[in-house]
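Residue-level structure breakdown
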Amino acid sequence: MRPLTILRSDKLEFPDVASANREGLLAVGGDLSTERLLLAYRSGIFPWTDEPLTWWSPDPRAIFDLHSFTPPTRLAQKIRRSPFTITFDRAFAQVIEACAQPARGRETSWISPNFVAAYARLHAEGHAHSVEAWQGEQLVGGVYGVCLGGFFAGESMFHLVTDASKIALVHLFTRLRDRGFLLFDTQVVSPLTVRLGAIEIPRNEYLRRLKVALACKTKWKD
């Protein structure tokens, strides 16, 4: 087994993703600067924990196929009833703060204050975006992620009302597909993402698709 790479904050680089261990852990250390985060996503790498700061590139990699995605029948029926008002980038800070709240049964969240601050900087520079679901003036669900070229990395989502985050996610799929995005990264599968259609592909195939998506001249905004 190869030794784990320790990143230096004063050196902007990552090891080859092929050196990740069986679980996908690639390196420890570094920082959450905008420059390092952008290099990570462009290299097929993402951060997952803080203290220590860890960097991952799992094989296989989980994605949503934007072109074949269709919402489950029950969810599609609910969407047609328009139970929520959906907005984009109206409340990024509120969405990530809500996602950072510990899930039921857990005392902590992987989205630390350092993560919140780092992705707020990405948002301010136009690289991170949110989708919000509202009931009246109350934010009841949302999702956020990172956008580069024709690539979108879904980071986290939350809901206070049943299906609010799922419906926000479906609206996100539609927006990305309508604007010609090519790759939606969801990193690793979970029971929820599998129910919504997430699939796993080999890391080499993911990196091939990532290269094509990054070169795509799509735009998040009109």
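Report follows, based on the coordinates. These numbers were taken from a predicted model, which means no experiment stands behind them. (Residues numbered from 1 in each chain as written. Predicted model: local features only at pLDDT ≥ 70, side-chain atom pairs only at ≥ 80, totals over all residues. Heavy atoms only, no water.)

What about the state of the cysteines?
- In total, this model carries zero disulfides according to the counting rule given.
- Here cysteine 99 stays unpaired: no disulfide links it, and the sulfur of cysteine 147, its closest cysteine neighbor, is 17 Å away.
- The class for cysteine 99 is buried, based on a relative accessible area of 7%.
- We note that cysteine 216 lacks a disulfide partner, and the nearest cysteine sulfur, in cysteine 147, lies 10 Å from it. (Disulfide = S-S within 2.5 Å. Buried < 20%, exposed > 50% of the residue type's maximum accessible area, 1.4 Å probe, protein only.)

A closer look at the side chain of threonine 186
- Relative to the helices and strands, threonine 186 is located in strand S10 (residues 183-187).
- For threonine 186, a relative accessible area of 12% corresponds to the buried category.
- When near neighbours in sequence (up to four residues on either side) are disregarded, threonine 186 contacts Ala62, Ile63, Phe64, Gly154, Thr193 and Ala198. (Helix = DSSP H or I, 4+ residues; strand = E, 2+ residues; numbered from the N terminus. Contact = heavy atoms within 4.5 Å.)

Focus: the sheet that holds strand S7 (residues 128-135)
- Strand order in the open sheet made by the seven strands is S6-S7-S8-S9-S10-S5-S11, with mixed pairing throughout. Bordering the open sheet on either side are strand S6 (85-88) and strand S11 (199-201), each of which pairs with just one other strand. In this sheet, neighbouring strand axes are inclined to one another by 35 degrees on average, regardless of whether the strands run parallel or antiparallel.
- Where strand S8 (residues 138-148) lies against strand S9 (residues 151-159), eight bridges are found, and the strand directions are antiparallel. Paired with glycine 142 across the bridge in S9 is phenylalanine 158.
- Along the sheet, helix H4 (residues 113-124) contacts S7, S8 and S9; its crossing angle with S7, the most-contacted strand, is approximately 100 degrees. (Pairing = 2+ DSSP bridges. Axes fitted to C-alpha atoms, helices over the stretch in contact; angles between N-to-C directions.)

A look at the sheet that holds strand S3 (residues 46-49)
- Strand order in the open sheet formed by four strands is S1-S2-S4-S3, with mixed pairing between adjacent strands. The outermost strands of the open sheet, each flanked by one partner alone, are strand S1 (5-7) and S3. Between one strand and the next, the sheet's axes are offset by a mean angle of 35 degrees, whatever the strand orientation.
- Inspection of the sheet shows strand S2 (residues 25-29) paired to strand S4 (residues 54-56) by three bridges, in the antiparallel sense. Within S4, the residue paired with alanine 27 across the bridge is tryptophan 55.

Overview of the pairing of S3
- Here three bridges tie S3 to S4, and the two strands are oriented antiparallel to one another. Bridging from a neighbouring strand, threonine 49 pairs with threonine 54 of S4.
- Between S3 and S4, which pair antiparallel in sequence order, lie four residues; one of them, glutamate 51, sits at a positive phi of approximately 55 degrees.

Considering the side chain of arginine 175
- Along the chain, arginine 175 turns up in helix H5 (residues 164-178).
- Accessibility expressed as a relative area gives 14% for arginine 175, which makes it buried.
- At a separation of 3.1 Å, a polar atom in the side chain of arginine 175 contacts the main-chain carbonyl oxygen of tryptophan 220. (Polar contact = N/O pair within 3.5 Å; in protein donor to acceptor, adjacent residues only side chain to side chain.)

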